[in-house]
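# Coordinate analysis (summary)
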Amino acid sequence: MRRSACWRGSSAFMHGAGGEARRRMKRLILLGGGHAQLGVLASLAERPMAGCDVRLVTPFRRQIYSGMLPGWIAGHYPIEACAIPLDELAARAGVVFHQAAAVAIDPTRNSLRCDDGADLPFDLLSIDTGPVAAITDLPGAAQNALAIRPIEGFVAAWPLLVDRMLGVCRRFDLVILGAGAAGVELAFGIHHSAMTQGWSHVRVTLVGSDVLPLEGSPHKLRRQAAALLAQRGIGWLGGRKAQRIEPNHICMEDGAAIDFDACLVVTGAAAPTWPRTAGLDTDERGFIRVGPTLQSVSHQHIFAAGDIAAYSHPRPKSGVFAVRAGPVLAHNLRAACEARALQAWQPQQRALYLISTGNRHAFASWGRWAWHGPWVWSWKDRIDRQFVRRFRATG
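Just so you know, the residues in each chain are numbered from 1, in the order the chain's sequence is written. Two thresholds apply to this predicted model, a pLDDT of at least 70 for residue-level local features and 80 or more for giving and counting side-chain atom pairs, whereas whole-chain, interface and lining totals are computed over all residues. To get the side-chain values, take all heavy atoms of the structure and skip hydrogens and water.

## Some words on the overall build of the protein chain
Secondary structure assignment for the protein chain yields twelve helices and 25 strands. The reference for a compact globule is 2.2 Å times residues^0.38; the radius of gyration itself is calculated from the C-alpha atoms. A compact globule built from 395 residues should have a C-alpha radius of gyration of about 21 Å, and the protein chain, at 22 Å, falls within 12% of that. Referenced to the eigenvectors of the C-alpha coordinate spread, the extents of the protein chain come out at roughly 75 × 40 × 35 Å. Only protein chains enter the accessibility calculation, which uses a 1.4 Å probe. A residue is then buried if its area is under 20% of the maximum for its type, exposed if over 50%, and partly exposed in between. Counting only residues that meet the buried cut, the protein chain has 55% of its 395 residues in that class. Only the protein chains shown count as cover for residues, with accessible areas throughout obtained via the Shrake-Rupley method and a probe of 1.4 Å. Accessible surface, the protein chain as shown: approximately 17600 Å² in total, 52% of it carbon and sulfur. All tallies of charge rest on Lys and Arg as positive and Asp and Glu as negative; His and the ends of each chain are not included. Note that the charge is assigned to NZ on lysines, CZ on arginines, CG on aspartates and CD on glutamates. Here the protein chain contributes 44 positive and 31 negative side-chain charges, whose respective centroids are spaced 6 Å apart. Here a helix means four or more residues in a row that DSSP labels H or I, a strand means two or more in a row labelled E, and each is numbered from the N terminus.

## Quick word on empty space enclosed by the protein
Buriedness of a pocket was judged along seven lines, with at least five required to meet protein on both sides within 12 Å; pockets are open sets of points on a 1 Å grid over the protein atoms alone, cavities are sets where a 1.4 Å probe fits but cannot get out, and lining residues have an atom within 4 Å of a point. Grid points are joined across faces, edges and corners, and a volume is the space filled by probe spheres set on the points. Inspection of the entire model under this criterion finds one cavity of 30 Å³ or more. By volume, the largest cavity is sized at about 70 Å³. Contributing to the lining of the largest cavity are 15 residues, with Pro70, Gly71, His76, Ser356 and Trp377 lying nearest its centre. Contributing elements (two or more residues each) for the lining of the largest cavity: α4 (69-74), α8 (181-196) and α12 (374-392). In terms of residue count, α12 provides more of the lining of the largest cavity than any other element does, four residues in total. Gly is put with the polar residues, along with every residue not named as nonpolar or charged; the nonpolar set is Ala, Val, Leu, Ile, Met, Phe, Trp, Tyr, Cys and Pro, and the charged set is Asp, Glu, Lys and Arg. Counted by class, the lining of the largest cavity contains five nonpolar, six polar and four charged residues.

## Structural notes on unusual backbone geometry
Residue arginine 149 is joined to proline 150 through a cis peptide bond whose omega torsion reads -5°. Mapping proline 150 onto the fold places it in the loop between β11 (146-147) and α7 (151-166). For arginine 360, which is not a glycine, the phi torsion comes out positive at approximately 50°. By the secondary structure assignment, arginine 360 is in the loop between β23 (352-356) and β24 (362-366).

## A short note on the domain arrangement of the protein chain
How far each domain reaches was decided by an automatic or database domain assignment. Each assigned domain of the protein chain is listed with its residue range as follows: domain 1 (26-131 + 271-349) and domain 2 (135-269). Each of domain 1 and domain 2 has a C-alpha centre, and the two are 30 Å apart. In this complex, domain 1 contributes 17 residues to the contact, which on the side of domain 2 involves 15 residues. Accessible surface is computed with a 1.4 Å probe, and the buried area is the amount of it that two parts give up when combined, taken over both parts together. Both sides together, the interface formed by domain 1 and domain 2 hides about 1400 Å², and carbon and sulfur atoms give 72% of it. What counts as a salt bridge is simple: a side-chain nitrogen of Lys or Arg found within 4 Å of a carboxyl oxygen of Asp or Glu. In this structure, the connection of domain 1 to domain 2 is made through one salt bridge. Close ionic contact of glutamate 152 with arginine 62 constitutes a salt bridge, the shortest N to O distance being 2.6 Å. As used in this structure description, the phrase polar contact means that two N or O atoms lie within 3.5 Å; if the pair is within protein, one of them must be able to donate a hydrogen and the other to accept it, and residues adjacent in sequence are counted only when both atoms belong to side chains. On the surface where domain 1 and domain 2 come into contact, there are three residue pairs in polar contact (both at pLDDT 80 or more). Contributions of two or more residues to the side of domain 1 that touches domain 2 are made by β3 (62-64) and α4. Sort the elements by how many residues they give to the side of domain 1 that touches domain 2 and α4 lands first, with five residues. Throughout, a residue-residue contact means that at least one pair of heavy atoms, one from each residue, lies within 4.5 Å.

## Quick word on the environment of alanine 230
Along the polypeptide, alanine 230 turns up in helix α9 (residues 219-232). By relative accessible area, alanine 230 is classed as exposed at 58%. For the pair formed by alanine 230 and glycine 117, sequence separation is 113 residues and the distance between their alpha carbons is 51 Å.

## Regarding the side chain of glutamate 185
Tracing the chain through its elements places glutamate 185 in helix α8. Comment: no salt bridge for buried glutamate 185; closest opposite-charge side chain is lysine 380, at 4.1 Å. Apart from the residues lying within four places of it in its own chain, the contact partners of glutamate 185 are Pro70, Leu354, Ile355, Ser356 and Lys380.

## Examining helix α3 (residues 35-46)
For α3, which comprises twelve residues, the first-to-last C-alpha distance of 17 Å matches the rise-based estimate of 16 Å (1.5 Å per residue) to within 8%. Restricting attention to buried positions, one finds in α3 the residues His35, Ala36, Gln37, Leu38, Gly39, Val40, Leu41, Ala42 and Leu44. Helix span is expected to be 1.5 Å times the residue number reduced by one.

## Thoughts on the sheet that holds strand β12 (residues 172-177)
Spatially, β11-β18-β12-β13-β14 is the arrangement adopted by the five strands of the open sheet, whose pairing is parallel. For this open sheet the edge positions go to β11 and β14 (235-237), each flanked by a neighbour on one side alone. In this description, strands pair whenever DSSP reports at least two bridges between them. By the bridge criterion, six bridges tie β12 to strand β13 (residues 202-207) in an arrangement that is parallel. Bridging across to β13, phenylalanine 172 finds its partner in valine 202.

What follows is the structure, encoded as structure tokens:
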């Protein structure tokens, strides 16, 4: 009875004169509302997928676009301007919206179990749930720090943290652990808010495991980022690896401790446990291995894209690659439903990275090239707004 209730209105369980024909329709579940899945929903909004019932399963009704989150922190955007309404996009695509998170997948029974108790059957499954916070190997992080993921959790917690900062009259030390692009953008964004909103007692410190911030970026850009951190009065502690987080201080591997009043953890992406538990082939970190067609290498009826996927041509965990995978994922899901040939996806060799620095200024990198300035921020702002607008458009 649970299955019938979960798919109420779905052709898989309809009866009557048209029921026999509709019962043969395939059931496609889109699990997660990540960047690649947005491309699938946009494709379905333009042209529905014949012969397939489609359902979007995701824990949140919106996707907070991560590229604009630091701009929200800095005060450049209201949160609504950074949000893509997944339920509205699903409705335009003729897709049933189911608000829940995945708990387990049974690829043999072809069923997805959700945290609301639903057990949803599928013929095809497309996974783009994104990663989880990489804090499981850092004792005390979950109890004593605030992780950036899930983003909705951070968005809900940020105003409370601001209230804490405003509620003290002494120096308030805010430490950001993790100096990749997300950590650097948060440091600049928070500092900009502190300067413009009169939080003169807030001291922001960025801590990274490498000598310079933005590991993987061109060396010139990394040096410029470190110089700008110093110019803005943001503390930089490089070459430091955290061992554990205790109340009000981070214990480092070298025996030192970094005191804080609040700590944000932005230490990268980790895989959830359920793909490996389900028996899907994963890489050593637990991300789902997919071939060039974005199909699971172990289960051909399951697709994955975005940060949850381990591509046959390894790429960094970045929304830039997920966005580019969207059209191929959309084509291949449609082709699989219609028993047609699938396309191979070849990710681009280089990607453009745009990193905001709070005060309507940004860095850009392309391969070994790097630029910075207010014009880069204007460029990034235009790209970000256009991306969100594309999926918010009605019609």
